[in-house]
Amino acid sequence: MECTHLGQAVKVGSPLIEKIRREKATQWTCSTCRSTKSPWICLRCGVINCGRYVNGHAKTHYEENRQHSVCLDASLTAFCYACDDFVINDTRSGDIQRVREIMLERENRKRRLRDTSSPESQKKTSKADQENIGRVKYLPGLRNLGNTCFMNAVLQSLSNIQSFSCYFKDLPAFELHPDNSCGKQPYFTRSRKTDEVSIVEELRKVLCALWHGRGVTHSPDALFSVVWKVVPRFRGYQQQDAHEFMHYLLDRVHTELLLSPKCYGSTETIITGIFGGILLSEVKCLVCGTESKKYDPFLDLSLEIPAEFQYRKSKSRDPQVCQLQDCLDHFVSLEELAESELYICPNCKKRQKSTKKFWLKRLPNVLCLHLKRFKFQAFHRSKVDTYVEFPVHGLDMSPYCMQSQDENPKAFLFDLAAVVVHHGSGVSAGHYTTFAFHDGLWYNFNDSSVTQSDEDHVSRSKGYIFFYTRRHPNMAILDKIRK
């Protein structure tokens, strides 16, 4: 929510800054009850008190001092008691972001000192590492605006897909023309006299901030604000499904890009060039044998975890563990359609029993696979928490494709670029994080926190959304779109 009380409630002066620099946020204690649970710092006077779900002393402080309504917690989330909501905007001089950067710089400085001073790290430092000291790139995190980890996880995944992020970082700044919203006569302009919102522009800004962030956490509040304006279902601070958000984001970006002069008259954009594939469905009448074929474009594939694995408590490396290939096999397997899905045979001229099978007609350059981990049962949504083992290198998609004999077998190989993980028991609760591959190393992106990881840790995660990059991409599609 955009708060109107920041001008009077946020006063970032020297005493407050010195207090933040002196006292570690993870060690904050309530000034009234000394609790270390859920501490919030008042952004007007700097007093630290506990949140409403502890003893509520931060709220009491506001009730006794009505101009002290805005506070910040250790996770860098701002909240206004006057609005009774989380805050996504900032003062004109960027005071809240200034406080966040001071807090992050303090933590990063301590982490660097700890890492370089420990005997273990000194032993591991090679000559090449020593030559690179001072040029280490600290990847920036994304601030949680209040249960927005679903958005952060998707954005960090996309930012580490090079073909995607580089395209948007090279785009010039633009806005939708004031007389043209999505679905009308297409073109973009550099005019800044319009109230028309553009997700492409805000996404471009986020990707640029992540690229040039130098370890400083970025606040994606402008992008989130645009999402609120154009999609009412994402308004508020309830936990949302990362897969649904990813679908909306890519669809909306694709629609906006079609309005640019570059894509005028085309049905292709960088979204379809990177994530777009073609799915073939074959339906066969079991009475007369007539086959019907249909080609459908897709940006991702949603895979079910086979029923025989759903309640198995197997551990990683167990020979009976579910493989990602098991889910793909289940997706393309021949199935007999249920009574409610009977197909009208064009030859028999009536509904007949029939079978259906999927094939991949065209593979995308980035294959996005989504596991159906959430099930609806009588007003209850449960989570399938089964561990699914997945390849980090060399996912072979040839068994699921229609292919000609002259195709290179290497054209079907994919390597993992990022995986979104859902932690917790339900979609409306829990938490999302991302593992992504960047400059030869794996990193774990957990909102504002970014830590280096390793391949073994990645492979043991319970993945929810997988992003696989094609080892030999179809450059003809990408070159056509980039022209």
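The name given to the protein chain in an unreviewed UniProt entry is Ubiquitin carboxyl-terminal hydrolase, and the organism recorded there is Porites lobata. As its UniProt record puts it under Catalytic activity (unreviewed entry), the protein chain is described as follows: "Thiol-dependent hydrolysis of ester, thioester, amide, peptide and isopeptide bonds formed by the C-terminal Gly of ubiquitin (a 76-residue protein attached to proteins as an intracellular targeting signal)."

Visitor: Before we move on, could you go through the overall build of the protein chain and cite the residues and values that matter?
Guide: Within the protein chain, the regular secondary structure consists of 16 helices and 25 strands. For the protein chain, with 483 residues in total, the buried portion stands at 51%. Of the roughly 24,200 Å² of accessible surface on the protein chain, 49% is carried by carbon and sulfur atoms.

Visitor: Which residues make up the sheet that holds strand β15 (residues 354-362), and what values do they have?
Guide: The strand order β9-β8-β15-β12 describes an open sheet built from four strands, whose pairing is antiparallel. Both outer strands of the open sheet, β9 (291-298) and β12 (335-336), are each paired with one neighbouring strand and no more. In this sheet, β9 lies alongside strand β8 (residues 277-285) in antiparallel orientation, the contact comprising eight bridges. Note that in β9 the partner of S281 across the bridge is K294.

Visitor: Which residues make up the environment of V283, and what are the values?
Guide: In this structure, V283 sits in strand β8. Relative accessible area serves as the criterion here: at 12%, V283 is assigned to the buried category. Residues V283 and T355, 72 residues apart in the sequence, show an inter-C-alpha distance of 5.6 Å.

Visitor: Tell me what's going on with helix α9 (residues 199-212), and back it up with residues and numbers.
Guide: An ideal rise of 1.5 Å per residue puts 20 Å on 14 residues; α9 measures up with 20 Å between its terminal C-alpha atoms. Of all 14 residues making up α9, 10 are buried, and the element is well covered by its neighbours. Those residues of α9 that fall on the buried side of the exposure criterion are I199, V200, E201, E202, L203, R204, V206, L207, C208 and L210. Those residues of α9 hidden inside the fold are in contact with α7 (149-159), α8 (162-169), α10 (221-230) and α11 (242-257). N-cap assignment for α9: the residue whose side-chain oxygen lies 3.4 Å from the backbone N of V200 is S198.

Visitor: Explain the pattern of salt bridges to me, using residue names and the numbers behind them.
Guide: In total, this model carries 12 salt bridges according to the counting rule given. Ionic pairing is found between D296 and K294, a salt bridge with its closest N-O pair at 4.0 Å. For K294, a relative accessible area of 49% gives the class partly exposed. Of the charged contacts in the structure, one is a salt bridge between E304 and K372, with a shortest N-O distance of 3.9 Å. With E304 in the loop between β10 (301-303) and α13 (307-310) and K372 in the loop between β16 (366-371) and β17 (374-377), this residue pair connects regions lying 68 residues apart in the sequence. Members of the salt-bridge network, linked through shared partners, are E201, E202, R204 and K205.

Visitor: With reference to specific residues and values, describe the packing of α9 against α11.
Guide: Look at α9 against α11: their axes get within 9 Å of each other, and the N-to-C directions meet at 115°. On α11, the residues that touch I199, V200 and L203 of α9 are Y248, L249, R252, V253, E256 and L257. Across the contact of α9 with α11, the residue classes break down as seven nonpolar, no polar and two charged.

Visitor: For unusual backbone geometry, give the residues involved together with the corresponding values.
Guide: The backbone phi angle of R34 is positive, close to 65°, even though this residue is not glycine. Summarising the element assignment, R34 is placed in the loop between α2 (14-22) and β1 (39-42). The backbone of D439 sits at a positive phi, close to 50°, despite the residue not being glycine. Following the sequence through the fold, D439 ends up in the loop between β22 (431-438) and β23 (441-446).

Visitor: Quick rundown of the pairing of strand β24 (residues 449-452)? Include the residues and the values.
Guide: As judged from the four bridges shared by β23 and β24, these two strands associate in the antiparallel manner. Paired with Y443 across the two strands is Q452, which belongs to β24. Hairpin connection between β23 and β24: a loop of two residues separates the two successive antiparallel strands, and D447 in this loop has a positive phi of roughly 55°.

Visitor: Account for the packing of α7 against α9, naming residues and giving values.
Guide: Across the interface, α7 lies against α9 with an axial gap of 10 Å and an inter-helix angle of 70°. Classified by the angle between their axes, α7 and α9 sit roughly perpendicular to one another. α7 and α9 meet at a crossing whose hand is right-handed. Note on element contacts: α9 touches α7 through L203, V206, L207 and L210, opposite L155, Q156 and S159. A class-by-class count of the residues in the contact of α7 with α9 yields five nonpolar, two polar and no charged.

Visitor: With reference to specific residues and values, describe the environment of S449.
Guide: Tracing the chain through its elements places S449 in strand β24. By relative accessible area, which is 35% here, S449 ends up partly exposed. The sequence separation of S449 and L139 amounts to 310 residues, and the corresponding C-alpha distance is 9.3 Å.

Rules used in this analysis
- Residue indices begin from 1 for each chain and proceed along its sequence in written order.
- For this predicted model, a pLDDT threshold of at least 70 governs which residues receive local features, and a threshold of 80 or more governs which side-chain atom pairs are given and counted, while totals over whole chains, interfaces and linings are taken from all residues.
- To get the side-chain values, all heavy atoms of the structure are used, and hydrogens and water are removed first.
- UniProt positions are given in the numbering used here, feature names are shortened, and annotations may be inferred rather than shown by experiment.
- Each helix corresponds to a stretch of at least 4 residues labelled H or I by DSSP, and each strand to a stretch of at least 2 residues labelled E; elements are numbered beginning at the N terminus.
- Exposed residues in this analysis have more than 50% of their type's maximum accessible area, buried residues have under 20%, and partly exposed residues fall in between, with area computed by a 1.4 Å probe over protein chains only.
- Areas reported as accessible are Shrake-Rupley estimates using a 1.4 Å probe. Residue values count occlusion only from the protein chains shown.
- Paired strands are those between which DSSP finds at least two bridges.
- The span expected for a helix works out to 1.5 Å for each residue beyond the first.
- Residue contacts are counted whenever heavy atoms from the two residues lie within 4.5 Å of one another.
- Under the rule applied, a polar contact is a pair of N or O atoms within 3.5 Å (in protein, one hydrogen donor and one hydrogen acceptor; residues adjacent in sequence only if both atoms are side-chain atoms).
- One speaks of a salt bridge when a side-chain nitrogen belonging to Lys or Arg is within 4 Å of a carboxyl oxygen belonging to Asp or Glu.
- To obtain each axis, a line is fitted to C-alpha atoms, and for helices this fit is confined to the stretch in contact; angles are then taken between N-to-C directions over 0 to 180 degrees.
- By the convention adopted, Pro, Cys, Tyr, Trp, Phe, Met, Ile, Leu, Val and Ala count as nonpolar, Lys, Arg, Asp and Glu as charged, and the other residues, Gly among them, as polar.
- Here the angle decides the label: under 35 degrees means roughly parallel, over 145 means roughly antiparallel, 65 to 115 means roughly perpendicular, and every other value means oblique.
- Should the near helix be turned anticlockwise from the far one by less than a right angle, the crossing is termed left-handed; should it be turned clockwise, right-handed.

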